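# Reading the structure
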Amino acid sequence: MSSNTQVGRAQWLVITAAFLGWMCAGVILGLFPLAVRPAVQSLLNQPPEEVIGVWTGRINASWLLGAALGGLCFGWLGDRIGRVRSMAAAVAFFAIFTGLCYFATHPAHLVLFRFLGGMGIGGEWGLGVALVVEFWPERFRPYMAGVIGAAANVGFLLIALLATIIHITPDSWRWIMAAGASPIILAGFIWLAVPESKRWKAATQERPAHPVREIFRPPLLKFTLLAIIFSTVPLVATWGGVSGFLPVWADQLAGPKYPGAKGMVQVVVSIGAIIGCLVAPVIGGQVGRRPVYFTLCALSLLVCQILFREWWVYGPTFLFVCGIAGAVTAAFYGWMPLYLPELFPTRVRATGQGLSFNFGRILTAVGALGTGQLVAFFGGSYPKACSTITLIYVIGLVMIWLAPETKGRPLPD
């Protein structure tokens, strides 16, 4: 059990840094679904929709693969040299490579920079979560998980609101990418102001950490594999559907008459996501982790199958359903910061949860590529492609019952 029983300056610094880090990552994550279509249109001189869909899938897949590698590399670094310095490096990584997208002259450059920036995004999540759970008293864990889960969606909301005011077009997308380099300032703040985890220091002094080796051997191997599955299911559905392709579909659906449509869709999805992320871990703290995950899979499956149908026209009802989809499909990202840290001991926590969450992005990258190919297969139909890929929630409905229930148990040392 954590030795922290009081809340003071150190705890608030840690949650502030973790929140801002993941919020900035959310801004970058939300930026690309809004900018990718105008960027590809600009770089390839107005190609057919099928070509845009394929490049959208490649760009989404590249950051997912980068995040998977970053989750391993930065997680390992966090368990070896500390959470704080590693988190500062991860934030700097995604800021620098997002800014470099300004100089792209072909969509392949966006694929490369998105991959490298994705490494930083993948590293930041696991390090921030590990730092927060090791500083805050256990009774606050469900609430802190909700705050961390909501952070990225606050970033999504901020960039979406900006897109409703400043339309991201084939002529303006580069300046938005340049602004993505601004989190480098946050990296400096984290490095200089945030305290290191005493719990991590004590754990590594008592027993040298060999994180990669340990999480892929019994008894942790089972938890690692289950955590990968539980992360993969919502990630594939999110980036192969609601977050990855819904703004692009809305842009197509609304046409030139509503140039702010993709931004408005992301606004309502982000508001729903913030609510879902805050509520899910609190309910999980009351009724249990497994029932909440099962319920979220069932609701997400139902809502996505309703949303991704070709009868829709852009308007208030469509936006309302998009908001509901955002709430239920993003609520997993409040649940995971609560549950995943409870599966791994302190000495390997950053690697274990970071790799599990981000390794799921490898399969998610396949899903994103698959959606892009399905768009082409269905003749440019985003809803048919997305309704197919979101059937993955069925796997989550079954697999969650093979995992341990951790409600009421102390964080493992």
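All values derive from a computational prediction rather than experimental measurement.

What follows covers the overall build of the chain. If you tally the helices and strands in the chain, you get 18 helices and zero strands. For the chain, the spread of C-alpha atoms along the three principal axes comes to 60 × 40 × 35 Å. A separation threshold of at least 6 residues defines the contact pool for the chain, and within that pool the share at least 24 residues apart is 88%. In the form shown here, the chain has an accessible surface area of approximately 15000 Å², with 70% of it arising from carbon and sulfur atoms.

A few words now on the nonpolar core. Membership of the largest hydrophobic core comes to 137 residues, with the highest contact counts inside it found for I190, L246, V265 and F318. Looking at this core element by element, the count peaks at 18 residues for helix 1 (residues 9-43). Residues contacting L246, with those up to four places away along its chain left out, are G241, V265, V269, L307, F308, F318 and C322.

This brings us to the packing of aromatic side chains. Per the counting criterion, the structure on display carries 20 aromatic pairs. With 6.3 Å between their ring centres and 85° between their planes, F230 and W335 make a pair best called edge-to-face. Within this pair, whereas F230 is found in helix 10 (residues 220-242), its partner W335 is found in helix 15 (residues 332-339), the two being separated by 105 residues in sequence. For the pair formed by F230 and W335, the shared burial category is buried. Three or more aromatic residues link up through ring pairs in this structure, and these residues are F230, Y293, F332, W335, Y339 and Y393. R58 extends its terminal NZ or CZ atom over the ring of W55, reaching a point 4.6 Å from the ring centre. Lying over the aromatic face of F32, R114 brings its terminal NZ or CZ to 3.7 Å of the ring centre.

Over its 25 residues, helix 5 (residues 141-165) runs 36 Å from end to end, which matches the ideal 36 Å to within 8%, given 1.5 Å per residue. If you look at helix 5, its biggest bend is around 30°, right at A151.

Here G326 shows up in helix 14 (residues 316-330). Residues G326 and C304, spaced 22 residues apart in sequence, show a C-alpha to C-alpha distance of 9.8 Å. Filtering out sequence-adjacent residues up to four positions away, G326 remains in contact with V269, G272 and A273.

Turning our attention to the packing of helix 5 against helix 15. A packed helix pair is summarised by two numbers, namely the angle formed by the two axes and the spacing between the axes. Packing of helix 5 against helix 15 leaves a shortest axis separation of 7 Å and a crossing angle of 135°. One way to sum up the angle between helix 5 and helix 15 is to call them oblique. Like other packed secondary-structure pairs, helix 5 and helix 15 cross with a definite hand, here right-handed. From helix 5, R141, P142, A145, G146, I148 and G149 reach across to helix 15, where they touch Y333, G334, P337 and L338. Residues that form the contact of helix 5 with helix 15 fall into these classes: six nonpolar, three polar and one charged.

Looking at where D79 falls in the secondary structure, it is placed in helix 2 (residues 49-81). Note on D79: relative accessible area 1%, which makes it buried. Side-chain polar atoms of D79 contact the side chain of R83, separated by 2.5 Å. At 2.5 Å, the side chain of D79 forms a polar contact with the side chain of T351.

The final tally for this structure, using the stated rule, is seven salt bridges. The partner of D251 in a salt bridge is R37, with the nearest N and O atoms 2.7 Å apart. Here R37 lies in helix 1 and D251 lies in helix 11 (residues 246-254), a separation of 214 residues in the sequence. The same class applies to D251 and to R37, which are both buried.

To continue, consider the packing of helix 3 (residues 83-99) against helix 4 (residues 107-135). Relative to each other, helix 3 and helix 4 sit at 150°, their axes nearing to 7 Å. Taken together, helix 3 and helix 4 sit at an angle that is classed as roughly antiparallel. The interaxial crossing formed by helix 3 with helix 4 has left-handed handedness. For the contact of helix 3 with helix 4, the class distribution of residues is 14 nonpolar, five polar and three charged.

Buried within helix 7 (residues 184-193) are the following residues: L186, A187 and I190. Each buried residue of helix 7 lies within a common arc of 105° when the element is viewed along its axis, so the set occupies one face. Residues of helix 7 that are exposed and point more than 90 degrees away from the buried face comprise I185 and L192. Taken together, the buried residues of helix 7 touch helix 1 and helix 3.

A word on the environment of W22. Considering the arrangement of structural elements, one finds W22 in helix 1. Sequence separation between W22 and I324 is 302 residues; the distance between their C-alpha atoms is 22 Å. Discounting residues that sit within four places of it in the chain, W22 has contacts with I121, E124, W125, I148, A151, A152 and R361.

What follows concerns empty space enclosed by the protein. Using the criterion set out here, one finds three cavities of 30 Å³ or more in the structure. By volume, the largest cavity amounts to about 210 Å³. Lining the largest cavity are 20 residues, with N153, F156, T238, S243 and Y333 sitting closest to its centre. When residues of the lining of the largest cavity are traced back to their parent elements, those giving at least two are helix 1, helix 5, helix 10, helix 12 (261-287), helix 14 and helix 16 (349-377). A breakdown of the residues in the lining of the largest cavity according to their chemical character gives twelve nonpolar, seven polar and one charged.

Conventions used here
- Residues numbered from 1 in each chain as written.
- Predicted model: local features only at pLDDT ≥ 70, side-chain atom pairs only at ≥ 80, totals over all residues.
- Heavy atoms only, no water.
- Helix = DSSP H or I, 4+ residues; strand = E, 2+ residues; numbered from the N terminus.
- Contact = heavy atoms within 4.5 Å.
- Areas by Shrake-Rupley, 256 points an atom, 1.4 Å probe, with all protein chains shown as cover.
- Core = buried A, V, L, I, M, F, W, Y, C linked by side-chain atoms within 4.5 Å.
- Buried < 20%, exposed > 50% of the residue type's maximum accessible area, 1.4 Å probe, protein only.
- Phe/Tyr/Trp six-rings, centres within 6.5 Å; stacked < 30°, edge-to-face > 60°.
- Lys NZ or Arg CZ within 6 Å of the ring centre and 35° of its normal.
- Expected span 1.5 Å × (residues − 1).
- Bend = angle between axes of the 7 residues up to and from the residue.
- Axes fitted to C-alpha atoms, helices over the stretch in contact; angles between N-to-C directions.
- Parallel < 35°, antiparallel > 145°, perpendicular 65-115°, else oblique.
- Left-handed = near helix turned anticlockwise from the far one by under 90°.
- Nonpolar A, V, L, I, M, F, W, Y, C, P; charged D, E, K, R; others polar.
- Polar contact = N/O pair within 3.5 Å; in protein donor to acceptor, adjacent residues only side chain to side chain.
- Salt bridge = Lys/Arg side-chain N within 4 Å of Asp/Glu carboxyl O.
- Arc of directions from axis to C-beta.
- 1 Å grid on protein atoms, 1.4 Å probe; cavity = no way out; pocket = protein on both sides within 12 Å on 5 of 7 lines; lining within 4 Å.
- Points joined across faces, edges and corners; volume = space filled by probe spheres on them.

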